[in-house]
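Understanding the architecture of this molecule
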Amino acid sequence: KGSSVLTLESGRQIKSRFTAFNTGLEEIYQHQKQYSVPDAGLRQRLRQDGRSIVLSSYTEFYERFSQVQFSKKHMEQYLKFAPRAVATMIDELYSG
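Please read all numbers here as calculations on a predicted model, not as lab measurements.

Attention shifts here to the overall build of the protein chain. Counting secondary structure elements, the protein chain contains four helices and zero strands. Along the chain direction, N to C, the helices and strands of the protein chain fall in the order α-α-α-α. Radius of gyration (C-alpha) of the protein chain: 16 Å, far over the 12 Å computed for a compact globule of 96 residues. For the protein chain, with 96 residues in total, the buried portion stands at 30%. The contacts of the protein chain with a sequence gap of at least 6 include a subset with a gap of at least 24, amounting to 80%. Just so you have it, the protein chain exposes about 6,900 Å², and 52% of that area is on carbon and sulfur atoms.

Here's what the structure looks like:
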């Protein structure tokens, strides 16, 4: 808030949010990549909806905080999925 220095608490919050997103994405991906949607149009709409729901908010968050030193160690653990990787994962869903 007006300062480029993070407090300990704000760093923890950023780590927590990245961790929650990473965990949720991995769980959803593991479950939904097994689903098969034979109708190509429906499959494409599901993927498009997934991208529109997830990517805009995540991309904004990622771009904002990936340039901030919010962790002294293991930044890569929190920055596990770049927005492009998330888009690729979504595009792999529903093929069975």
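The way to describe two aromatic rings as a pair is by their centre distance and the angle between their planes. Tallied over the entire structure, the rule returns eight aromatic pairs. When the centroid spacing of 4.9 Å and the interplanar angle of 55° are considered together, the rings of F61 and F65 count as tilted. Pair noted here: F61 and F65 are both in helix α2 (residues 40–65), with a separation of four residues, about one helical turn. Classification of F61 as buried rests on a relative accessible area of 17%. In textbook terms, an aromatic cluster arises when at least three aromatic residues are bridged by ring pairs, as seen for F18, F21, Y58, F61, Y62, F65, F70 and Y78.

Reading the values: the criteria
Every chain is numbered independently, its residues counted from 1 as its sequence is written. For a predicted model such as this one, the threshold for reporting local features is a pLDDT of at least 70, and the threshold for listing and counting side-chain atom pairs is 80 or more; totals across whole chains, interfaces and linings nevertheless cover every residue. Hydrogens are left out, water is left out, and the side-chain values use all remaining heavy atoms of the structure. Each helix is a run of DSSP H or I of at least 4 residues and each strand a run of E of at least 2, with the numbering of both proceeding from the N terminus. As a reference, a globule follows 2.2 Å times the number of residues to the power 0.38, and the radius of gyration itself is taken over C-alpha atoms. Accessibility here uses a 1.4 Å probe with only protein chains present; expressed as a share of the type maximum, an area under 20% marks a residue as buried, one over 50% as exposed, and anything in between as partly exposed. We call two residues contacting when some pair of their heavy atoms lies within 4.5 Å. For accessible areas, the Shrake-Rupley method is used with a probe of radius 1.4 Å. Any residue's cover is judged against the shown protein chains and nothing else. Planes of paired rings set the category: under 30 degrees apart is stacked, over 60 is edge-to-face and the rest tilted, where pairs are Phe, Tyr or Trp rings (Trp by its six-membered ring) whose centres lie within 6.5 Å.

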